[in-house]
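Each chain, letter by letter, is given below.
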Amino acid sequence: MLTPPSLPCPDSVAIHRLAASDTHFVIELTACRGEVPCPDCAHLTHRLHSRYCRTLADLPLQDKAVSLVLHSRKFFCTNGACKTRVFTERFPDLVAPYARRTLSLHQALHFIGLALGGRAGAALARALKMHASRDTLLRSLQGFATGRGSSASRDAPRVVGIDDWAFRKGQRYGTILCDLERHCVIDLLADRSSQSAARWFRDHPTIEIISRDRSGIYAQAARQGAPQALQIADRWHLLKNLGEMLQRVVERNYQHLRQAARDQAKKNAARQTDEAQTEDGFCRFNSGLAVPVITTTPVARGPTRAQEKSHCQRERRQTRYQAVVELHQQGVGKRAIARTLGLSRMTVRRYLRAGEFPEIASRGAKGRELPKQIDAHREYLSVRWEQGIRSGTVLWNEIRARGFTGSLTAVYRLLRLWRAQDPAAVKNSVAGAAPRCVSIPSPRQVSWWLLYPEKAQSQAYRREGVQPTRQAKALIETFQEVSHPVRAVTSRGREFIEMMANRQADCLDRWLEEATHENVPELTHFVKSLRQDYSAVHGALHFEWSNGQVEGQVNRLKMIKRQMYGRAGFVLLRKRVLAD
Ligand SMILES: [Zn+2]
């Protein structure tokens with residue numbers, strides 16, 4: 001028999017032989033104790049009954065699977081009083097009775113199962129040369145006691161956070177309990193009821209502080225199960241309630257915000273209006289033309305790629321035209337000009353005959369002739385175009401009032417032509433144009449900006465694009481000026497946030513008193529709810545404990561639940577969540 005020092009093995013066996021193939025190590029072990037205890041009466045015996053062989057899977061070695069062939073024995077129990085007559089030899093430090101895997105392999109599979117669940121765990125185990133099906137992994141979880149969670153709960157928690165979590169959102173909920181001092185989950189309960197939570201609190205009489213959300217269920221459970229404990233309302237939930245309260249106030253006063261937006265839109269439009277505006281609302285020109293001034297400027301879109309291309313072509317043509325004219329003025333003949341510039345003689349002749357740059361503008365964008373009728377309104381339309389009116393519909397309506405009977409499409413075609421010729425004007429008009437109306441932010445957004453003006457200005461929110469624009473800021477300022485309830489609740493809300501951030505529990509009474517006098521129904525209701533839960537709210541403003549880490553553990557729970565595609569039962573989920 002040999003026992004190489006590089007392969008340690010339990011005292012109860014000795015290594016007998018070692019064989020290796022390409023994929024396997026086979027280690028033969030022989031039981032070597034002189035006397036063994038009876039598993040029933042622990043009486044030591046050496047009366048051999050028989051020998052037999054067990055094959056066990058062990059942890060892999062050097063990237064090869066390991067099989068142990070264990071030569072084991074059966075013994076007679078020599079204790080006359082014992083009911084057992086024959087028993088198999090036990091190896092408590094190597095393998096469990098009847099097991100086909102060694103304890104160390106079983107434990108490794110258990111931890112893989114805990115970390116990854118069935119299917120993913122089985123894939124990892126296979127890669128590590130530890131063959132086990134996904135069912136085996138899940139069974140190994142069922143068999144083991146829960147890990148650190150159970151020991152922590154034995155360690156008598158003092159500060160506990162409680163919250164709910166969803167089996168299925170909106171339908172079925174459970175309860176999670178965390179030890180806030182040790183930063184771990186202590187227990188999961190299968191439902192969200194005050195009875196089961198109270199029962200759990202009763203089983204843990206060492207609890208001194210309970211941090212909870214603002215729902216009545218856990219408050220009642222804490223009162224019933226742990227009357228000795230101090231309750232603390234979660235600060236995040238308090239702030240959430242505050243924000244929702246302000247949002248209701250904003251919703252009720254939303255018409256003021258709409259009015260402020262309308263006023264601002266008018267102001268913007270007035271700034272845009274031509275200075276030539278006269279008292280009767282008409283813009284008069286030297287030619288005697290009078291054009292009505294409209295107070296909103298439509299937003300013009302930038303030129304399309306096709307329009308830019310067409311504009312470039314026109315510029316090239318114009319350059320070519322200038323070159324022809326210059327050469328002609330220098331006395332160069334038509335044939336020589338055509339040769340020099342690479343143009344046909346026909347083109348040179350056409351350019352020179354035209355007298356001015358021949359626009360292709362006489363044809364519509366799709367090559368169709370523009371109706372002659374529109375020529376009568378060209379001057380009017382071009383004046384309006386220069387003023388920055390780019391909307392075909394607006395212009396069509398205007399010239400219809402002046403007697404134009406043609407279609408809207410004709411106006412569109414003309415405008416398309418002008419846009420192609422002058423994309424810069426379109427661009428400028430985009431930059432300078434005031435929007436038709438000022439967009440109104442949602443009540444939720446407004447209430448958030450009102451409560452956290454500094455945060456809303458921060459770099460992070462600029463990146464996320466949720467920062468208020470300059471226009472929205474002006475709008476909100478006007479909104480506060482005109483609406484007393486919004487102004488009052490905003491200022492009280494900011495005080496409350498500051499009080500909470502600085503843990504100024506002493507100021508709570510005064511704040512509650514002053515807030516009641518604001519006479520805003522929503523605020524009064526909020527104050528009432530705080531008074532009903534006074535000691536917990538006071539605790540939130542006094543202690544550092546909060547439910548933040550419970551929320552984090554709920555996220556971890558969700559991740560584990562989704563890893564198992566939501567198919568794990570409560571027992572398995574609990575084991576995985578409680579394991580660290
Ligand atoms: Zn016995």
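Criteria and cut-off values
- Residues numbered from 1 in each chain as written.
- Predicted model: local features only at pLDDT ≥ 70, side-chain atom pairs only at ≥ 80, totals over all residues.
- Helix = DSSP H or I, 4+ residues; strand = E, 2+ residues; numbered from the N terminus.
- Buried ≥ 20, exposed ≤ 12 C-beta atoms within 10 Å, placed from the backbone.
- Contact = placed C-beta atoms within 7 Å.
- Axes fitted to C-alpha atoms, helices over the stretch in contact; angles between N-to-C directions.
- Parallel < 35°, antiparallel > 145°, perpendicular 65-115°, else oblique.
- Left-handed = near helix turned anticlockwise from the far one by under 90°.
- Nonpolar A, V, L, I, M, F, W, Y, C, P; charged D, E, K, R; others polar.
- Arc of directions from axis to C-beta.
- Core = buried A, V, L, I, M, F, W, Y, C linked by C-beta atoms within 7 Å.
- Domains from an automatic or database assignment.
- Pairing = 2+ DSSP bridges.

1. As for the overall build of the chain
- The helix and strand inventory of the chain stands at 25 helices and 14 strands.
- Per-residue burial over the chain gives 27% buried out of 580 residues.
- Of the contacts made within the chain by residues no fewer than 6 positions apart, 60% connect residues no fewer than 24 positions apart.

2. Some thoughts on the packing of helix 21 (residues 508-516) against helix 22 (residues 521-532)
- Between helix 21 and helix 22, the shortest axis-to-axis distance is 9 Å and the interhelical angle comes to 150°. Relative to helix 22, helix 21 is oriented roughly antiparallel. Handedness of the crossing formed by helix 21 with helix 22: left-handed. In this structure, helix 21 uses Leu512, Ala515 and Thr516 to contact helix 22, whose residues at the interface are Leu523, Thr524, Val527, Leu530 and Arg531.
- Broken down by class, the residue content of the contact of helix 21 with helix 22 amounts to five nonpolar, two polar and one charged.

3. Some details on helix 13 (residues 392-401)
- Where helix 13 is concerned, the buried positions are Leu395, Trp396, Glu398 and Ile399. Taken down its axis, helix 13 places every buried residue within 165° of arc, on the same side. Helix 13 presents Thr393 and Ala401 as exposed residues on the side facing more than 90 degrees away from its buried surface.
- Packing partners of the buried residues in helix 13 comprise helix 12 (378-386) and helix 14 (408-421).
- Residue Gly403 follows helix 13 closely and has a positive phi angle near 105°.

4. Here we look at the nonpolar core
- Counting residues in hydrophobic clusters, the biggest one holds 73 residues, and the most contacted among them are Ile176, Cys178, Ile210 and Leu246.
- Here this core takes six residues from helix 7 (residues 235-252), the largest share from any one element.
- Split by domain, the residues of this core number at least three in each of domain 2 (148-234 + 546-578) and domain 3 (238-253 + 441-540).
- Those residues in contact with Ile176 that lie beyond four places of it in its chain are Asp163, Trp165, Val185, Leu188, Val550, Gln553, Val554 and Leu557.

5. So, the pairing of strand 1 (residues 13-20)
- Relative to strand 2 (residues 24-31), strand 1 runs antiparallel, the two sharing seven bridges. Looking at the pairing, Arg17 lines up with Glu28 of strand 2.
- Between strand 1 and strand 2, which pair antiparallel in sequence order, lie three residues.

6. So, the sheet that holds strand 8 (residues 159-168)
- Here five strands make up an open sheet; going across it, the order is 10-9-8-11-12 and the pairing mixed. Because the sheet does not close on itself, it has two edges, and the strands there are strand 10 (184-189) and strand 12 (230-233). The average undirected angle you get between the axes of adjacent strands in this sheet is 30°.
- As judged from the eight bridges shared by strand 8 and strand 9 (residues 172-179), these two strands associate in the antiparallel manner. If you follow Trp165 over to strand 9, its bridge partner there is Gly174.
- Across the sheet, helix 5 (residues 194-203) touches strand 8, strand 9 and strand 10, and the angle it forms with strand 10 is around 135°.

Read these as layout, nothing more, since geometry by itself doesn't imply function.
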